[in-house]
Structure formats: C-alpha cells, structure tokens
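# Summary of structural features
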Amino acid sequence: MEFHLLPILAFLSLALVASHADISPELYWKTVLPNSPMPKAVKDLLQPDVLEDKSTSVNVGKGGVNVDAGKGKPGGGTHVNVGGKGVGVNTGKPDKRTSVGVGKGGVSVSTGHKGKPVYVGDLHPGMKMNLHFTQTSNGATFLSRQAAKSTPFSSDKLPEIFNQFSVKPGSVEAEIMQNTIKECEDPGIKGEQKYCATSLESMIDFSTSKLGKSVQAISTEVKKGTKMQTYTIAAGVKQMAADKSVVCHKQNYPYAVFYCHATQTTRAYMVPLEGADGTKAKAAAVCHTDTSAWNPKHLAFQVLKVKPGTVPICHFLPEDHIVWVPNKKTGE
C-alpha cells in the first residue's frame, strides 16, 4: 500500500524543529529507562536504514513522499495484517505443526499450501514449524511527543487529518487511516487495557504505568531477510518475568502508531530459532493463557477446534512489534 503524502515533508520538518525544543525520544528513553537496552524495533523507527532495506523504499521528490512497502506493487513486499481479526488460516492436515494466526499481526505460520496460520502449545526445543517473518514496513517513523500532540488523531477530525496529509477521502489510503483510528477508539476486550501510542514517549509512559519502571522491551530479530521456511526451536527458550506484559503492535499509518494492550494473562518468551537455510532468529512470542473473553468465532478456535478458555494460544510477533515485560527480581 502506498501513501503519497505531499505535505508530510513540511510537516515532518516542523516536527524535527519542534523536537529540538523538547527532549528527543531517544534521550527520553535513556532518562526514563537507563538500564533497559533499546530493541532494534525501536531503533529502526528512530533512524531507519531505508537505503539498505530493499523491502521498503522512501522516495522524496517533487511529487512529495512516496512510501512503498514492497516491490513497487500496492500490498506487495513485507506486510502483515493491520486489522484486529487476525490473519488467514490454512492448516492442511492437522498435526503437531498446526498453527493459527492469532490477534493483531504476527508472523506468517503455515502448515498448508497457503495462508498465514499460528502455533498453539508449548515452545519446546526441537519443535519444527513453517514461518515467514514479516514487517508492516510502511516507512513510518516516530514523531516527537510534541509533534504527535499537535497532530489530530480522532474520528471526528478525519477531514482535517486527510487534508493535512493530502489524502483523498474515500481512497484506499483514507480507509486504512480511518480503520486504524477507529480500532484505537474501539473498547478493548475484558481483562485488557488498551492504548494507542502516537509517539515513543507515550508508549514508554503507558508501559511503565502498567508494569513499573523496571522493565525491558523485546522484539523479534532476524539475521537476514527470510522466506517461508521450516524453523526449528533451538535450546535456550527464555520465559520473561511474571504473567503480565504490554504488547504493542505497529499500525499502518503515515507516522508510527502502536496499538498497545496490557494484560495480566499473557506470558512472554524469547525463542531462538534456526531456519532450514541456516538463518538464525530470536523471536518474541506471547502466549495468551486466558482466552475466555475472546469471541467464540475467533479464527483460532475454528481452526483448532477448541473453545475459549480451554488452552493457551501462542504466537510469534513481527520484527516491528514490541513486548514490554517487568525485569526479573534478584533470585528469580
């Protein structure tokens, strides 16, 4: 999907000037979280290396800014679903590798000829599954908190938003932006607290308000570009502290917006993976231990033939999604 955003050049220039008058997002991180390393997913949104990333091109010229996530084709290239309905599913013949795409985004996991299903069960070494790590990769980077606060982000401001970014009402771009805002405004499910962060600073504030300031942020990291292939879980699966976390999913929008939700019933893991072609990855995975409040018609339940609240549902996250977890206490 392409966003042709003529005014965004001038807008982002003003945002950069404004950010110098305020503390930068990177300095805010170092100030609030001095002992928490910044994950690659965050660094990439502060200083994206677009010249070396063949999957995402950002062209600046007389026509404005053209952000193309793919090989010049709308919808092509690196992409994950943006909606809250999960990804498509094709499981083929159910077996130990059956997987189901759950929730907002996630990597493609397939046991059939096509589709993007997810894995449910334990994450034990030696398990094999077909994975294709993907990113939203729409070229959108963080605004400073000051710039984000001065930029409208609500359904009742849509005409102003479309005008600011030169997006034609009724266009595909307008529909994507409208859906992102609507999803941010919709109520969360029972047992979760949700928040849409329009800046890195606001993401930090929300996460630390739910977990405390002794936290760490983790994200999936893949050594090189990947294709759909068989991955094996290697030794060293690490469960993060506690059963509470804040998971933040990058949305499709002209600048970086993250849909974050805090829950007390999610376990987070870092899972070492080795691909059939030798690719190594450290994947962030979350397991939902209580799905009793989920819609019984959710794709995961239909494919796995289980009912809400009966089994944990686990899935990996794309490279540009972030999981916040409390640090382990001494002795744990």
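Remember, it's a predicted structure, so these values are computed and weren't measured experimentally. (Residues numbered from 1 in each chain as written. Predicted model: local features only at pLDDT ≥ 70, side-chain atom pairs only at ≥ 80, totals over all residues. Heavy atoms only, no water.)

Our focus in this paragraph is the confidence of the model for the protein chain. When pLDDT is averaged along the protein chain, the result is 74, and 67% of the positions lie at 70 or above. Ranking the elements of the protein chain by mean pLDDT puts strand β2 (residues 56–61) last, at 28, and helix α7 (residues 200–211) first, at 97. Below pLDDT 50 for its whole length, residues 4–21 participates in 35 contacts with residues either more than four positions away or in separate chains. Note on residues 48–120: pLDDT is under 50 here. Beyond four places in sequence and across chains, it has 189 contacts. (pLDDT = per-residue confidence, 0-100. Helix = DSSP H or I, 4+ residues; strand = E, 2+ residues; numbered from the N terminus. Contact = heavy atoms within 4.5 Å.)

Right, let's talk about helix α6 (residues 172–185) for a bit. Residues lying three or four places apart along an α-helix face the same way, a consequence of the helix completing one turn every 3.6 residues. Here α6 contains 14 residues, and its C-alpha end-to-end distance of 20 Å stays within 8% of the 20 Å for a straight helix at 1.5 Å per residue. Those residues of α6 that fall on the buried side of the exposure criterion are E173, A174, I176, M177, T180, I181, E183 and C184. (Expected span 1.5 Å × (residues − 1). Buried < 20%, exposed > 50% of the residue type's maximum accessible area, 1.4 Å probe, protein only.)

In this section: unusual backbone geometry. Of note, the phi angle at S166 is positive, near 50°, even though the residue is not glycine. Owing to a relative accessible area of 39%, S166 belongs among the partly exposed residues under this scheme.

Per the stated rule, a full pass over the model turns up three disulfides. Numbered by position along the chain, the disulfide-linked cysteines of the protein chain connect as 1-2, 3-4, 5-6. (Disulfide = S-S within 2.5 Å.)

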